Amino acid sequence: MISKRGFCSRSQAENLVREGRVSLRGKIVRDPDTPARENDEICVDGKHVKASEFIYFMMNKPRGYVTTASDEKGRATVMDLFREQYARMFPGKPVPHISPVGRLDAASEGLLLFTNDTQWADALLNPQESRGSKAEMTNASVILSEASAKSKDPVTVPHTKIYRVQVAGMPTATELSQMEAGFNVPPRVFGEPEEFMHAVSAKLYSAGEKNCWLEITLDEGKNREIRRMLAKLGYEVLRLVRIKFCNYELGDLKQGCIKKIDAPQH
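Reading guide: rules and limits
Residues numbered from 1 in each chain as written. Predicted model: local features only at pLDDT ≥ 70, side-chain atom pairs only at ≥ 80, totals over all residues. Heavy atoms only, no water. Buried < 20%, exposed > 50% of the residue type's maximum accessible area, 1.4 Å probe, protein only. Helix = DSSP H or I, 4+ residues; strand = E, 2+ residues; numbered from the N terminus. Pairing = 2+ DSSP bridges. Phe/Tyr/Trp six-rings, centres within 6.5 Å; stacked < 30°, edge-to-face > 60°. Lys NZ or Arg CZ within 6 Å of the ring centre and 35° of its normal. Salt bridge = Lys/Arg side-chain N within 4 Å of Asp/Glu carboxyl O. Core = buried A, V, L, I, M, F, W, Y, C linked by side-chain atoms within 4.5 Å. Contact = heavy atoms within 4.5 Å.

Caption draft 1: Structural context of the pairing of strand E14 (residues 211-218). With respect to burial, E14 is a largely interior element, six of its eight residues being buried. Two strands pair when backbone bridges link them, and strand E10 (residues 161-168) and E14 are joined in this way by eight bridges, in the antiparallel orientation. What sits directly across from Gln166, in E14, is Trp213. As judged from the six bridges shared by strand E13 (residues 201-207) and E14, these two strands associate in the antiparallel manner.

Caption draft 2: Main features of the environment of Gly221. Structurally, Gly221 is set in the loop between E14 and helix H7 (225-232). Classification of Gly221 by relative accessible area gives exposed; the value is 66%. It is 8.3 Å that separates the C-alpha atoms of Gly221 and Gly102, two residues lying 119 residues apart in sequence.

Caption draft 3: Just the packing of aromatic side chains, in detail. Tallied over the full model, the rule gives seven aromatic pairs. For the ring pair Trp120 and Tyr248, a centre distance of 6.1 Å and an interplane angle of 90° mean the geometry is edge-to-face. Here Tyr248 lies in strand E16 (residues 248-249) and Trp120 lies in helix H3 (residues 118-125), a separation of 128 residues in the sequence. Of the two residues, Trp120 and Tyr248, both sit in the buried class. Clustering of aromatic rings is evident, with ring pairs tying together Phe57, Phe82, Tyr86, Phe90 and Phe114. The lysine or arginine in question, Lys93, covers the ring of Phe90, its NZ or CZ lying 5.2 Å from the ring centre. Positioned over the ring face of Tyr205 is Arg164, at 3.8 Å from the centre of the ring.

Caption draft 4: Fine view of the pairing of strand E5 (residues 56-61). The element E5 is largely enclosed, with a buried count of six among its six residues. Of the two faces of E5, both are covered, the one formed by Tyr56, Met58 and Asn60 as well as the one formed by Phe57, Met59 and Lys61. The pairing of E5 with strand E7 (residues 109-115) spans six bridges and is antiparallel. Across the sheet, Lys61 pairs through a bridge with Gly110, a residue of E7.

Caption draft 5: Quick peek at the sheet that holds strand E3 (residues 42-44). In spatial order, the strands read E2-E1-E3-E4; together these four strands make up an open sheet with antiparallel pairing. The open sheet has two edge strands with one neighbour each: strand E2 (27-29) and strand E4 (47-48). In the sheet, E3 pairs with E4 via two bridges, with the strands oriented antiparallel. Looking at the pairing, Cys43 lines up with His48 of E4.

Caption draft 6: Examining the pattern of salt bridges more closely. Considering all chains together, one arrives at 13 salt bridges under this definition. Note that Arg224 and Asp105 form a salt bridge whose closest N and O atoms lie 3.4 Å from each other. Pair noted here: Arg224 is in the loop between E14 and H7 and Asp105 is in the loop between strand E6 (99-100) and E7, with a separation of 119 residues, a long-range link. In this structure, Arg227 and Asp105 form a salt bridge, with 3.4 Å as the shortest nitrogen-oxygen distance. Here Arg227, found in helix H7, pairs with Asp105, found in the loop between E6 and E7; they are 122 residues apart in sequence, far enough to count as distant.

Caption draft 7: Looking closely at the nonpolar core. Judged by nonpolar contacts, the single largest core of 34 residues is most densely connected at Phe82, Phe114, Val165, Met179, Ile216 and Leu230. Broken down by element, the residue count for this core peaks at five residues, all from helix H2 (residues 78-89). When near neighbours in sequence (up to four residues on either side) are disregarded, Val165 contacts Cys212, Trp213, Leu214, Ile216, Ile226, Leu230, Val237, Arg239 and Leu240. The next biggest cluster of nonpolar side chains, apart from the first, holds 17 residues, and it includes Ala121, Ile243, Cys246 and Leu253.

This is how it looks when you write it as C-alpha cells:
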C-alpha cells in the first residue's frame, strides 16, 4: 500500500516494513504481506503516508546511464539524469519520488518510461499476470497513447517493444526468420541452462556498406535478449535504441531529455 500511494518503490517499501519503520493503524508491522485497506492510516518513521498525485514521464535515455536508483560502482544513473532534467523543467520544485518502468542496459538508448504509479507500471511490464477479475485485467491492459489520451479513445495494447538496432555486417533473410522462429541462446552465467528467445518481428530497416539497421519487435522482457540472439548468429550490436513501448513512442524527443506524458486510464 505504501508503494501504491506513490511514496516509494515496492522493494523500498518492503525494506521499510522489515526494518520496523512502518506502522499500520497505529501498530508497527514487520511483515511486507500484511494486508491494508485503501483508507488505513499508514506511517513511516511516525509521519503519515498520503496518496501522492500520480505522474508519468518519458526519457530518451543516452548510452552510458544505468537504469537504477543508485550504483555501487559510482556510474551515472537514469535517476541522476531525471533529477537534473526535472530541475530544469520545474525550477525550485522538489523532485517527486519516481522510478523507471523496466530497464534498459547501460549500452542501450531510447525510450524509458518513469512513474510513481506502481499499478500502471506492473500492468505495462506484466499484463498477463495482472491480478483481479477479468474486467480488471482487461482495464489494466488498456493503455492510452498521447494522441488517444487527448481524444479519450482507448487502445488495447499488446506488451510489445520496438527497437532500432545497428549491427556490424548484414544478417540474411534466413537469419532474421530464425530470430522470429526462436532458438536457444547460451546462458549469461556459466552453468545455467540455455534460454529460448524469439522476436515477434525482425526485419531490415536500412543498409550500409559495412553495417545495417534492423527493426526488431519483442513481447518479452528477457535480459539482453536482442544482443544475445544476434551474438548467437555471429553479429555484433553497435547501437540499440528503443523507439516504442506499448503505445508510447520516442518520437522527436531529444537524447537526454524528459517529457511529461498524459495520465493513462486504469
